[in-house]
Protein chains: 2
Amino acid sequence: MSLQSLPGAVAKKEPVAEMRSAKISESAVRRLSLYLRLLQEADSLGQETISSEELADRAGTTAAQVRKDLSLFGSFGKRGLGYAVSELLQEIREILGLNRSWRVALVGAGKIGSALITYRNFRTRGFHIEAVFDTDPDKVGKRWGTQTILDDTEMGSVLAGKRIEIAVIAVPADAAQGVVDRVVASGVSAILNFAPVRLRVPKGVSLRNVDMVVEMEGLAFALTSTER
Amino acid sequence: MSLQSLPGAVAKKEPVAEMRSAKISESAVRRLSLYLRLLQEADSLGQETISSEELADRAGTTAAQVRKDLSLFGSFGKRGLGYAVSELLQEIREILGLNRSWRVALVGAGKIGSALITYRNFRTRGFHIEAVFDTDPDKVGKRWGTQTILDDTEMGSVLAGKRIEIAVIAVPADAAQGVVDRVVASGVSAILNFAPVRLRVPKGVSLRNVDMVVEMEGLAFALTSTER
DNA sequence: TCGTGTGAACGAATTCACAGCG
DNA sequence: CGCTGTGAATTCGTTCACACGA
């Protein structure tokens, strides 16, 4: 990609995007996403350099963990100094694939969908919702943010036509698997699922679940086992 | 607790709630929550018994994993047969602390809060939202579901007065830490956070984060590293 | 015989500790 | 001298494999 086009960047040790795909753990990726956010904060406050320890403190992890995570992708720091905030920022954006925008569709125009579509962080991070679907005839045709709600029956063709890459599933649990199957058939290979079900996806399709009940039950367990 | 007061329960091998608190991993708890949901489905379909393998298939894990998870809390199966659905169901409810209801407060009456308060699964699982707070004078006093939105300034006294156990934080990122500090000061010791920040909580307070941007960035990473 | 329960083996992720570079 | 980058040590979680009981 356009890395060597930056004349000042020649000293960089690893070309990042070309790294051998040594399987990176999901938790490492989560932390990178978190580091990115913290770096953006630091950057907007004018901070120029940051140590693994400071980043770790803010992220709630250890300095060694931060360095290990980053070392999976290259050597971005300066020994004795730390990391250049804006540079590391850019590296992580590159690693996560955030230097481009992503075409997202939202399936299910209910409350959760509504929360998502108005969520500013989404758009500013490059996730563009380019289609919204629902089955409810009362909703179809209504405007939602910048989008008009489309009928569920149009989903397949629209997803394919717009070359949607990520689908957000915000439909009732019993409808979710059906939606996923159709969405995958239309070429989508990443899914964020809000329905409280375990979805099956073919190999090669990435799936993340956001399950509020599971989280609440985890809290209930923690409270239960702490008491006494 | 009132365990040995149940005369019929003597044959049970492990008293569950009295187990040594051998630290249970968060992922194990997540899976238990998932098993519970699957068992409820099976139960409502009239299925009487289930093997670790069947449960594993539905949960997307392995039979050994299911057995290990359950064995952390006792021996609930019958060799050669599997598990009695309704019995295991009840055991897991007991383990997770779901045989009682939990007093929950929602802080932030925005879109996410709105999604939560209308979310049926919440109430049916025993999580009762007993107070809703917001700072916006236009919202305060309005009815939301069964609740009237209360002013943020009342939060401390109401949380303490109602003996709220779990707080759901659905406020903007820059307000979240302040809210958490006050919530904790009012005796809440479990928090579900929807704000995109890393919150600091004192030891003894449980915290779970739901961070949609992190999940989306994880998907972006997966798509980026798969392509080519 | 079948499927659980579990020690033992394995593998993954985190932490340690230090060599090496700026 | 300070802080990164990284092998080595360790901890944690998962999988294996089989003895045992219904």
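Scoring rules and cut-offs
Residues numbered from 1 in each chain as written. Chains lettered and ligands numbered in written order. Predicted model: local features only at pLDDT ≥ 70, side-chain atom pairs only at ≥ 80, totals over all residues. Heavy atoms only, no water. Axes fitted to C-alpha atoms, helices over the stretch in contact; angles between N-to-C directions. Helix = DSSP H or I, 4+ residues; strand = E, 2+ residues; numbered from the N terminus. Parallel < 35°, antiparallel > 145°, perpendicular 65-115°, else oblique. Contact = heavy atoms within 4.5 Å. Nonpolar A, V, L, I, M, F, W, Y, C, P; charged D, E, K, R; others polar. Pairing = 2+ DSSP bridges. Expected span 1.5 Å × (residues − 1). Buried < 20%, exposed > 50% of the residue type's maximum accessible area, 1.4 Å probe, protein only. Arc of directions from axis to C-beta. Phe/Tyr/Trp six-rings, centres within 6.5 Å; stacked < 30°, edge-to-face > 60°. Near = heavy atom within 4 Å. Polar contact = N/O pair within 3.5 Å; in protein donor to acceptor, adjacent residues only side chain to side chain. Least-squares fit on C-alpha atoms with pLDDT ≥ 70 in both. Domains from an automatic or database assignment. pLDDT = per-residue confidence, 0-100. Salt bridge = Lys/Arg side-chain N within 4 Å of Asp/Glu carboxyl O.

This part takes up the packing of helix 1 (residues 26-44) of chain B against helix 2 (residues 52-59) of chain B. Geometry of a packed helix pair, given as the angle between the helix axes and the separation of the axes. Residues and elements named next belong to chain B. The geometry of helix 1 relative to helix 2 is characterised by a closest axis approach of 10 Å and an angle of 110° between their N-to-C directions. In this view, helix 1 runs roughly perpendicular relative to helix 2, as classed from their interaxial angle. Judged by residue contacts, Leu-34, Tyr-35, Leu-38, Leu-39 and Ala-42 of helix 1 engage Leu-55, Arg-58 and Ala-59 from helix 2. In the contact of helix 1 with helix 2, the residues fall into seven nonpolar, no polar and one charged.

All names here are of chain B. Read across the open sheet, the three strands follow the order 1-3-2; overall the sheet is antiparallel. Either end of the sheet is taken by a strand with one partner, and the two such strands are strand 1 (49-50) and strand 2 (77-78). Sheet topology note: the strand 2/strand 3 (residues 82-84) ladder contains two bridges and is antiparallel. The residue of strand 3 that forms the bridge with Lys-78 is Gly-82. Where helix 4 (residues 85-96) meets the sheet, it contacts strand 1, strand 2 and strand 3, and its direction lies at approximately 75° from that of strand 3.

With that settled, consider unusual backbone geometry. Positive phi values are uncommon outside glycine, yet Arg163(A) reaches one of about 50°. Along the polypeptide, Arg163(A) turns up in the loop between helix 7 (155-161) and strand 7 (166-169).

With that settled, consider helix 4 of chain B. Under the 1.5 Å per step criterion, the end-to-end length of helix 4 of chain B is 16 Å for 12 residues, consistent within 8% with the ideal 16 Å. Three or more residues of helix 4 of chain B are buried, namely Val85(B), Leu88(B), Leu89(B), Glu91(B), Ile92(B), Ile95(B) and Leu96(B). Angularly, the buried residues of helix 4 of chain B cover 165° about the axis, an arc narrow enough to put them on a single face. In this structure, the buried residues of helix 4 of chain B make contact with helix 9 (212-226) of chain A together with helix 1, strand 1, helix 2, helix 3 (63-71) and strand 3 of chain B. A positive backbone phi angle near 80° is found at Gly97(B), which sits one or two residues after helix 4 of chain B.

Within this structure, the stated rule accounts for six aromatic pairs over all chains. With centroids separated by 5.7 Å and ring planes inclined at 50°, the aromatic side chains of Tyr119(A) and Phe122(A) adopt a geometry described as tilted. Take Tyr119(A) and Phe122(A): they sit in the same class, and that class is buried. Aromatic side chains Phe221(A) and Phe73(B) sit 6.1 Å apart centroid to centroid with 90° between the ring planes, which places their arrangement in the edge-to-face category. Placement of Phe221(A) in helix 9 and of Phe73(B) in the loop between helix 3 and strand 2 is noted, with the two residues assigned to different chains. The class of Phe221(A) is buried, set by a relative accessible area of 10%.

All right, on to the protein's contact with DNA strand C then. Around DNA strand C sit 23 residues, and of these Arg31(A), Ser52(B), Arg67(B), Gly77(B) and Tyr83(B) come closest. Within 4 Å of the protein, the atoms of DNA strand C are drawn from sugar and phosphate moieties in a proportion of 55%. Within the side chain of Thr62(A), a nitrogen or oxygen atom sits 3.4 Å from a phosphate oxygen of DNA strand C. Contacts to DNA strand C include Gln65(A), whose side-chain N or O atom sits 3.2 Å from a sugar or linking oxygen. Looking at the surface near DNA strand C residue by residue, the classes come out as four nonpolar, 11 polar and eight charged.

Turning our eyes to something else, we now look at the relation of the copies chain A and chain B. The transformation that overlays chain A on chain B combines an axial shift of 0.0 Å with a rotation of 180°, and the residual RMSD is 0.1 Å. Taken together, the rotation and translation relating the two chain copies correspond to the operation of a two-fold axis. Counting the interface residues of chain A, we find that 100% of their copies in chain B are interface residues as well, pointing to one common contact surface.

The next point concerns the environment of Val66(A). Residues and elements named next belong to chain A. On the secondary structure map, Val-66 appears in helix 3 (residues 63-71). The spatial distance from the C-alpha of Val-66 to the C-alpha of Val-140 is 46 Å, given a sequence separation of 74 residues. Ignoring sequence-local partners within four residues, the contact set of Val-66 consists of Tyr-35, Ser-52, Leu-55, Ala-56 and Thr-61.

The next point concerns the protein's contact with DNA strand D. Close to DNA strand D lie 24 residues; Ser52(A), Arg67(A), Tyr83(A), Arg31(B) and Arg79(B) are nearest. Between Ser52(A) and DNA strand D, the recorded distance is 2.6 Å, taken from a side-chain N or O atom to a phosphate oxygen. Between DNA strand D and Gly77(A) there is a distance of 2.9 Å, counted from a phosphate oxygen to a backbone nitrogen or oxygen. Counting residues per element, the ones that place at least two in the surface near DNA strand D are helix 3 of chain A together with helix 1 and helix 3 of chain B. For the surface near DNA strand D, the element with the most residues is helix 3 of chain B, which contributes four residues. A class-by-class count of the residues in the surface near DNA strand D yields four nonpolar, 12 polar and eight charged.

One can read the domain layout of chain A as domain 1 (21-96) and domain 2 (102-214). Here the C-alpha centre of domain 2 of chain A lies 31 Å away from the C-alpha centre of domain 1 of chain A.

Here we take up the pairing of strand 6 (residues 147-151) of chain A. Residues and elements named next belong to chain A. Bridge count for strand 4 (residues 127-134) against strand 6 is three bridges, and the pairing is parallel. Following the sheet pairing, Phe-133 is matched in strand 6 by Leu-150. Where strand 5 (residues 143-144) lies against strand 6, two bridges are found, and the strand directions are antiparallel. Pairing of Trp-144 across the sheet is with Gln-147, part of strand 6. Where strand 5 hands over to strand 6, the hairpin turn is made up of two residues, of which Gly-145 adopts a positive phi near 60°.

For chain A, the average pLDDT comes to 91, and 90% of its residues sit at 70 or higher. Contacts for the low-pLDDT stretch residues 1-18 of chain A, under 50 throughout, to residues beyond four places or in other chains number 18 contacts.

On to the pattern of salt bridges, then. Where charged atoms from two side chains of opposite charge come close, those side chains can pair. Scanning the entire structure with this criterion turns up 26 salt bridges over all chains. Glu165(A) is the salt-bridge partner of Arg103(A), the closest N and O atoms lying 3.5 Å from each other. Of the two residues, Arg103(A) is situated in strand 3 (residues 102-107) and Glu165(A) in the loop between helix 7 and strand 7; the sequence distance between them amounts to 62 residues. Exposure remark for Arg103(A): the relative accessible area of 24% places this residue in the partly exposed category. Judged by relative accessible area, which is 15%, Glu165(A) ranks as buried. Put simply, Glu26(A), Arg30(A), Arg208(A) and Glu215(B) are held in one network by salt bridges that share partners.

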